Amino acid sequence: MTTTTPEETIADARERIDVLDDRIIGLIQERMAVSAVVQQTRIASGGRRVHLSREMEILGRYREALGKPGTSLAMTLLELCRGRV
């Protein structure tokens, strides 16, 4: 039976966190690119860059899934994807 020390457990968990963070960053970058396509297409067809009701849907989705901090996370994500309004 192998036992791990607290230090080993923490080191392993931190490695997993680093891998997850890399994946999250990659997904955010992918979302930014897709959002740019949506914005460019909307503007090219005479629309506005930002669709506020859609943003409210996104804020609600994050809030429901993650609680109040989810709203802050969604706001940051929206800012990254569309810039400040």
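Now for a quick tour of the structure. Owing to the predicted nature of the structure, the values given are computational and were not obtained by experimental measurement. (Residues numbered from 1 in each chain as written. Predicted model: local features only at pLDDT ≥ 70, side-chain atom pairs only at ≥ 80, totals over all residues. Heavy atoms only, no water.)

The terminal C-alpha atoms of helix H2 (residues 52-66) lie 21 Å apart, and with 15 residues this matches the ideal 21 Å at 1.5 Å per residue to within 8%. Among the residues of H2, those classed as buried are Glu55, Ile58, Leu59 and Gly60. Buried residues in H2 make contact with helix H1 (6-44) and helix H3 (68-82). (Helix = DSSP H or I, 4+ residues; strand = E, 2+ residues; numbered from the N terminus. Expected span 1.5 Å × (residues − 1). Buried < 20%, exposed > 50% of the residue type's maximum accessible area, 1.4 Å probe, protein only. Contact = heavy atoms within 4.5 Å.)

With respect to the secondary-structure elements, methionine 56 resides in helix H2. Residue classification places methionine 56 among the exposed positions, given a relative accessible area of 55%. Spatially, the C-alpha atoms of methionine 56 and glutamine 29 are 21 Å apart, while their sequence positions differ by 27 residues.

Let us look at the pattern of salt bridges. Under the counting rule described, the total for this entry stands at two salt bridges. Salt-bridge contacts for glutamate 57 lead to arginine 54; the nearest nitrogen and oxygen are separated by 3.4 Å. Residue glutamate 57 and its partner arginine 54 are both found in helix H2; the two are separated by three residues, about one turn of the helix. A salt bridge links glutamate 55 to arginine 82, with the shortest nitrogen-to-oxygen separation between them at 2.7 Å. On the criterion of sequence distance, the pair formed by glutamate 55 in helix H2 and arginine 82 in helix H3 is long-range, its members being 27 residues apart. As far as the burial class goes, glutamate 55 and arginine 82 line up, both buried. (Salt bridge = Lys/Arg side-chain N within 4 Å of Asp/Glu carboxyl O.)

Let us look at the environment of alanine 74. If you trace the backbone, alanine 74 turns up in helix H3. By relative accessible area, alanine 74 is classed as buried at 1%. Sequence-wise, alanine 74 and threonine 3 are 71 residues apart; in three dimensions their C-alpha atoms are separated by 40 Å.

So, about the packing of H1 against H3. Between two packed helices, the angle of one axis relative to the other and the distance separating the axes together describe the packing. For the pair H1 and H3, interaxial distance at closest approach is 8 Å and the crossing angle is 55 degrees. On the basis of the axis angle, H1 is oblique to H3. In this structure, the crossing between H1 and H3 has a hand that is right-handed. Seen from H1, the contacting residues are Ile28, Arg31, Met32, Ser35 and Gln39; seen from H3, they are Leu77, Leu78, Leu80, Cys81 and Arg82. Broken down by class, the residue content of the contact of H1 with H3 amounts to six nonpolar, two polar and two charged. (Axes fitted to C-alpha atoms, helices over the stretch in contact; angles between N-to-C directions. Parallel < 35°, antiparallel > 145°, perpendicular 65-115°, else oblique. Left-handed = near helix turned anticlockwise from the far one by under 90°. Nonpolar A, V, L, I, M, F, W, Y, C, P; charged D, E, K, R; others polar.)

Another aspect to go through is the side chain of glutamine 39. With respect to the element layout, glutamine 39 can be found in helix H1. Glutamine 39 gets classed as buried once you look at its relative accessible area, which sits at 11%. At a separation of 2.8 Å, a polar atom in the side chain of glutamine 39 contacts the main-chain carbonyl oxygen of cysteine 81. Non-local contacts of glutamine 39, meaning those with residues more than four positions away in its chain, are made with Arg49, Cys81 and Arg82. (Polar contact = N/O pair within 3.5 Å; in protein donor to acceptor, adjacent residues only side chain to side chain.)

So yeah, pure geometry; function would need other evidence.
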